[in-house]
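Coordinate analysis (summary)
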Amino acid sequence: MAVVPAPPTLDVLMTALTARAAAGLLVAIAIALAARRAGSLSGSGALAAVVVGTAAVVAGWGWGALLVLYFVTASAVSHLGAADKERRMSGIVAKGGARDVVQVLANGGVFALCALGTRCEWVDQHVIAAAAAGALAAAAADTWATELGVLFGGTPRAVPGLHPVPPGTSGAVSMVGTAGMIAGALGIAVAARALSLTEAMGVVAIAGCTGAVADTLVGAVLQERRWCDACNLATERRIHDCGAPTRRAGGVTVLDNDAVNLLATLVGGATALLLAFAL
Ligand SMILES: [Zn+2]
């Protein structure tokens, strides 16, 4: 009687997946704790990072590695010349320093969901993998553009009129910021290809830049703008650096910086999905 090797049963697959999820959870906790200590994440941000990190590892170790690469480089460009940037932005940006739960999910939520989608048999692997990498590429492109643009970009210009505005203003662009955007998107695209997560390197890079451009346009036109009467300064913060509450000076109330970041990753993921599907 010939013995036919049995295909792996659901039990065997589940055991392997559970073991990887447990290992991923431990790695994610270790990295989140280190990031919390380094001041890159707040308490709630660290908790959210554990969830996103574990989801990435459940999708595969390569996705976990891509997320770590994004996080380490994004934290590095954020820390680069931090004191200089804080001074140059003079309290304009909504949140500085440690990322909280909303910021982590706005940047990593779409990526985590799409990465998990690569585990679903009924989803086209090629398309969903490109979407996951595209969403993360958009987050990287936006972070690199903002951080490098504020530090080295001189006086940025607001779209669409291109009039000069203070560094850190949402929707403002500079040459250095644009170069940073392309570098961030390309970096994730090259890494995703090197980790054999997707073949669609060009699609991921284009999707990342498209997400960051959407972030800039929505930031310029629709994002909520606030004003501190005590200092006569524009800001994104609800409570200004000086301690005074700020008032809405334009834009859509619900569209704060985090909502716009979420939109950028959605556009990045959707663009990659459509291009990967079409090409
Ligand atoms: Zn003030």
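1. Section: the overall build of the protein
In terms of helices and strands, the protein carries nine helices and six strands. Counting the 279 residues in the protein, one finds 47% classified as buried. In the protein, of all internal contacts separated by at least 6 residues, the share reaching a separation of at least 24 is 72%.

2. What to know about the sheet that holds strand 4 (residues 225-228)
Strand order in the open sheet formed by three strands is 5-4-6, with antiparallel pairing between adjacent strands. Edge strands, defined here as strands with exactly one partner in the open sheet, are strand 5 (233-235) and strand 6 (247-250). Adjacent strand axes in the sheet meet at a mean angle of 45°, parallel and antiparallel pairs treated alike. Sheet topology places strand 4 next to strand 5; three bridges connect them, and they run antiparallel. By the bridge assignment, Trp227 is partnered in strand 5 with Ala234.

3. Re the nonpolar core
If you look at the biggest cluster of nonpolar residues, it comprises 73 residues, and the most contacted ones within it are Ala133, Ala137 and Val204. Elements with a contribution of two residues or more to this core: helix 1 (10-37), helix 2 (43-59), helix 3 (61-79), helix 5 (101-117), helix 6 (125-152), helix 7 (175-194), helix 8 (201-221) and helix 9 (257-278). For this core, the element with the highest residue contribution is helix 6, accounting for 17 residues. Non-local contacts of Ala137, meaning those with residues more than four positions away in its chain, are made with Ala185, Ile188, Ala189, Val204, Ala205, Ala207, Gly208 and Gly268.

4. Let's talk about the packing of helix 2 against helix 5
At a minimum axis separation of 9 Å, helix 2 and helix 5 run at an interaxial angle of 10°. For the element pair helix 2 / helix 5, the angle class is roughly parallel. Seen from helix 2, the contacting residues are Ser44, Gly45, Leu47, Ala48, Ala49, Val52, Ala55, Ala56, Val58 and Ala59; seen from helix 5, they are Val101, Gln103, Val104, Leu105, Gly108, Ala112, Ala115 and Leu116. In the contact of helix 2 with helix 5, the residues fall into 14 nonpolar, four polar and no charged.

5. Notes on the environment of Val104
If you trace the backbone, Val104 turns up in helix 5. Residue classification places Val104 among the buried positions, given that 26 C-beta atoms sit within 10 Å. Through-space distance from the C-alpha of Val104 to that of Ser42 is 9.9 Å; in sequence the pair is 62 residues apart. Not counting residues within four places of it along the chain, the set of residues in contact with Val104 comprises Gly45, Ala48, Ala49, Val52 and Arg99.

6. Quick look at the environment of Trp122
Position of Trp122 among the secondary structure elements: in the loop between helix 5 and helix 6. The spatial distance from the C-alpha of Trp122 to the C-alpha of Gly81 is 46 Å, given a sequence separation of 41 residues.

7. What about the environment of Pro167?
With respect to the element layout, Pro167 can be found in the loop between strand 2 (163-164) and strand 3 (172-173). Along the sequence, Pro167 and Ala200 sit 33 residues apart, while their C-alpha atoms lie 34 Å from each other. With residues near it in sequence (within four places) discarded, Pro167 still touches Arg88, Met89, Val150, Gly153 and Pro156.

8. Observations regarding the sheet that holds strand 2
With antiparallel pairing, the three strands of this open sheet are ordered in space as 2-1-3. At either margin of the open sheet sits one strand with a lone partner, and together these are strand 2 and strand 3. Relative to strand 2, strand 1 (residues 157-158) runs antiparallel, the two being bridged by two bridges. Residue Arg157 lies in a different strand from strand 2, and its bridge partner there is Pro164.

9. Notes on unusual backbone geometry
Even without being a glycine, Ser196 presents a positive backbone phi close to 60°. The exposure class assigned to Ser196 is exposed, which follows from the 10 C-beta atoms found within 10 Å.

10. Observations regarding helix 1
For helix 1, built from 28 residues, the straight-helix expectation of 40 Å at 1.5 Å per residue is met to within 8% by its first-to-last C-alpha distance of 40 Å. Tucked inside the fold, the buried residues of helix 1 contact helix 2 and helix 3.

Rules behind the numbers
- Residues numbered from 1 in each chain as written.
- Predicted model: local features only at pLDDT ≥ 70, side-chain atom pairs only at ≥ 80, totals over all residues.
- Helix = DSSP H or I, 4+ residues; strand = E, 2+ residues; numbered from the N terminus.
- Buried ≥ 20, exposed ≤ 12 C-beta atoms within 10 Å, placed from the backbone.
- Contact = placed C-beta atoms within 7 Å.
- Pairing = 2+ DSSP bridges.
- Axes fitted to C-alpha atoms, helices over the stretch in contact; angles between N-to-C directions.
- Core = buried A, V, L, I, M, F, W, Y, C linked by C-beta atoms within 7 Å.
- Parallel < 35°, antiparallel > 145°, perpendicular 65-115°, else oblique.
- Nonpolar A, V, L, I, M, F, W, Y, C, P; charged D, E, K, R; others polar.
- Expected span 1.5 Å × (residues − 1).

Any link to function would need more than the numbers given here.
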